[in-house]
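# Remarks on the overall topology
Now for the letters of each chain:
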Amino acid sequence: MDFGAAHVTQMALGAWQAQVLYTLSELDVFELLSEKPLSAQEVARRTGAHPLAAEGLLNAGVALKLLTRDGDAYADTDLALRLLCEDSPESLARWVRVMGRWSRPWNGLTEVVRTGRPAEEREARLWQDPRYTADFVLGMHEYARRIADEVADHADLPPGARVTDVGGGAGTYAIALCRRHPDVSVRILELASVLPLAERTVAEAGLADRIDVTAGDYLTDPFGTDVSAVVLSNILHQESREAGESIVRRAHRALRPGGKLVVNGYFLDESRTRPLFTTLHNLSAFTLWGGGRSYTVGEAAALLRSAGFTEPVVHQVAQGASTVLVAEKAEGPEDQHPADRRE
Ligand SMILES: Nc1ncnc2c1ncn2[C@@H]1O[C@H](CSCC[C@H]([NH3+])C(=O)O)[C@@H](O)[C@H]1O
């Protein structure tokens, strides 16, 4: 067995496998087959697809263990029912649709690397397309709810804490913080187009009385006054270094002395060549958001210290899938960072 050739072949053909998943998802085949088994002809008719091409797609889906075939009838495997249908409590369906959407800018990686510019403009991409916005925000929620409780535990908040969750998305971490810390209340700061999505998730969790969702721009707006904790979850990697510095400074200013800054995200190790996922996430931020750049834990800690925070405590979450940094605003006005007074 030539493992080198197998490694290269797997990478070279990996995009084909991913594309079958994306197309099945984009055509809503998993949802359709979750109702009842159907023939390829019937799937083609219901999705507006070409019959022979649809059959080829379904057969590849069977080979990938996403579908089964019994005679002429195709059905979802248990895996597809569990992870690829939106109503399943374990669904990753929206997240997979976003990955499918992102495969297009990713396909332009060569040009991105040549020019140093993102593959598409952020505004054109996301916030003007309601389905994409919903898939993005709720897809992040599908993915993040798997680790949110563990992240919330590391925040270790005192009773009655008031928290600002900056760019809080669908409210995944706000919900987990309220569930894990009974007297805590959270204000989510989000873009106006995301608010209805967050409000819905929060209401479904029965936490509308403790989680407030406010429209704001984290690049310019303040994050509150005298708050007990500020959460920056999966924010910094998608912004420029200067924007990151400004966000961390405004977090410092919003906190009461002794208040906590909780930074959750994917960090590179100091060589910047590991872990594999984060090297890809770093490229993805560059391709999609332009100016985004993943931090090492050391770089992030330096960023926090320069804004007047203590050395962060570092927690690995879910076997290292995510990392949480918890730093404190030093007690006493003499510790205030000069930049706080300037802005
Ligand atoms: N300028 C901005 N002001 C406020 N929120 C923003 C801004 N730009 C992007 N966002 C939001 O930042 C979030 C990044 S995704 C992270 C979501 C969540 N904190 C989590 O960890 O799962 C998205 O929900 C965006 O809508």
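If you're wondering where the values come from, they're calculated on a predicted model, not measured in any experiment.

The rules behind these values
Think of each chain on its own: its residues are numbered from 1, step by step along the sequence as written. Given that this is a predicted model, residues contribute local features only at a pLDDT of at least 70 and side-chain atom pairs are listed and counted only at 80 or more, while totals for whole chains, interfaces and linings are drawn from all residues. Side-chain figures throughout are based on the complete set of non-hydrogen atoms in the structure, without hydrogens or water. The rule for a residue being near a molecule or strand is that one of its heavy atoms must lie within 4 Å of it. Polar contact is the term for a pair of N or O atoms within 3.5 Å; when the atoms are in protein, one must be able to donate a hydrogen and the other to accept it, and sequence-neighboring residues count only if both atoms are side-chain atoms. Accessible areas in this description were obtained via Shrake-Rupley with a 1.4 Å probe; residue shielding takes into account the shown protein chains only. In this count, Pro and Cys sit with the nonpolar residues alongside Ala, Val, Leu, Ile, Met, Phe, Trp and Tyr, while Asp, Glu, Lys and Arg are called charged and the others, Gly among them, polar. Nine residue types can take part in a nonpolar core, namely buried Ala, Val, Leu, Ile, Met, Phe, Trp, Tyr and Cys, and a core is a set of them joined through side-chain atoms within 4.5 Å. Accessible area is worked out with a 1.4 Å probe on protein chains only. A residue is then buried under 20% of its type maximum, exposed over 50%, and partly exposed in between. Starting at the N terminus, helices and strands are each numbered in turn, a helix being any DSSP run of H or I of at least four residues and a strand any DSSP run of E of at least two. Contact between two residues is taken to exist if any of their heavy atoms lie within 4.5 Å; hydrogens are not considered. UniProt positions are given in the numbering used here, feature names are shortened, and annotations may be inferred rather than shown by experiment. Here the rule is simple: two strands pair whenever DSSP picks up at least two bridges between them. What counts as a ring pair is set by centres within 6.5 Å for rings of Phe, Tyr and Trp (its six-membered ring), and what kind of pair is set by the plane angle: stacked under 30 degrees, edge-to-face over 60, tilted for all other angles. Distance and angle both matter: a charge sits over a ring if NZ of Lys or CZ of Arg is within 6 Å of the ring centre and within 35 degrees of the ring normal. A carboxyl oxygen of Asp or Glu within 4 Å of a side-chain nitrogen of Lys or Arg is what we treat as a salt bridge. Residues are said to line a cavity or pocket when one of their atoms sits within 4 Å of a point; the points come from a 1 Å grid over protein atoms alone, cavities being sets where a 1.4 Å probe fits but cannot get out and pockets being open sets with protein on both sides within 12 Å along at least five of seven lines. Grid points are joined across faces, edges and corners, and a volume is the space filled by probe spheres set on the points.

Moving on to the site of the ligand. Close contacts around the ligand come from 17 residues, with Gly167, Glu190, Asp217, Tyr218 and Ser233 the closest. Here a nitrogen atom of the ligand sits 2.8 Å away from a polar atom, N or O, in the main chain of Tyr218. The side chain of Asn234 places a nitrogen or oxygen atom 3.1 Å from an oxygen atom of the ligand. When the ligand sits alone it has 580 Å² of accessible area, and the protein chains cover 95% of it. In terms of residue class, the shell around the ligand is built from eight nonpolar, seven polar and two charged.

Below, the discussion takes up the nonpolar core. Generally speaking, nonpolar side chains in soluble globular proteins are found buried as a group. Ranked by size, the top nonpolar core spans 30 residues in total, and within it Leu157, Val163, Leu177, Val186 and Ile211 carry the most contacts. If you tally residues by element for this core, the top one is helix H11 (residues 172–180), at six residues. Leu177 has contacts with Ala152, Ala155, Leu157, Val163, Val184, Val186 and Val231, leaving out every residue within four places of it along the chain. Counting 25 residues, the second largest nonpolar core, distinct from the first, contains Val227, Leu303, Leu304 and Leu325.

Here we come to the UniProt feature "domain: O-methyltransferase C-terminal" (unreviewed entry) in the protein chain. As recorded in UniProt, the feature "domain: O-methyltransferase C-terminal" (unreviewed entry) lies at residues 128–309. Structurally, residues 128–309 comprises 44% helix and 19% strand, and the distance from its first C-alpha atom to its last is 37 Å.

Where strand E1 (residues 67–70) meets strand E2 (residues 73–76), four bridges bridge the pair, whose relative direction is antiparallel. Considered in E2, the bridge of Thr68 is made with Ala75. A loop of two residues connects E1 with E2, the two strands running antiparallel in sequence, and Gly71 in this loop sits at a positive phi of about 65 degrees.

Our focus in this paragraph is the packing of aromatic side chains. Tallied over the entire structure, the rule returns five aromatic pairs. Taking the centre distance of 5.9 Å and the plane angle of 50 degrees together, the rings of Trp102 and Phe136 count as tilted. Of this pair, Trp102 sits in helix H6 (residues 93–107) while Phe136 sits in helix H9 (residues 130–144), and the two are 34 residues apart along the sequence. Residue Trp102 shares its accessibility class with Phe136, and that shared class is buried. Through a chain of ring-to-ring contacts, three or more aromatic side chains come together here, namely Trp102, Phe136 and Trp289. The cationic tip of Arg101 hangs over the ring face of Tyr132; the distance from NZ or CZ to the ring centre is 4.4 Å.

Applying the stated criterion to the full structure yields 18 salt bridges. Among the ionic pairs, Arg82 bridges to Glu90, the shortest N-O distance being 2.7 Å. Note that Glu299 is salt-bridged to Arg293, the shortest N-O span being 4.0 Å. Note on Glu299: relative accessible area 24%, which makes it partly exposed. Connected through salt bridges with shared partners, the residues Asp28, Glu86, Arg94, Arg97 and Asp135 form a single ionic network.

The sites that UniProt annotates as "domain: O-methyltransferase dimerisation" (unreviewed entry) are residues 10–84. This span, residues 10–84, is 68% helix and 11% strand, and a straight line between its end C-alpha atoms measures 23 Å.

Considering all chains together, one arrives at three cavities of 30 Å³ or more under this definition. In this structure, the largest cavity spans a volume of roughly 90 Å³. Lining of the largest cavity is provided by Leu232, Asn234, Ile235, Leu236, His237, Val263, Asn264, Gly265, Tyr266, Phe267 and Tyr295. The element contributing the most residues to the lining of the largest cavity is strand E7 (residues 255–265), with three residues. Here the lining of the largest cavity is built from residues that sort into seven nonpolar, four polar and no charged. A volume near 70 Å³ is recorded for the second largest cavity. The wall of the second largest cavity is formed by Leu24, Ser25, Asp28, Val29, Phe30, Glu31, Leu84, Ala93 and Arg97. Only helix H1 (3–26), helix H2 (29–35) and H6 provide two or more residues apiece to the lining of the second largest cavity. Here the element with the most residues in the lining of the second largest cavity is H2; it accounts for three residues.

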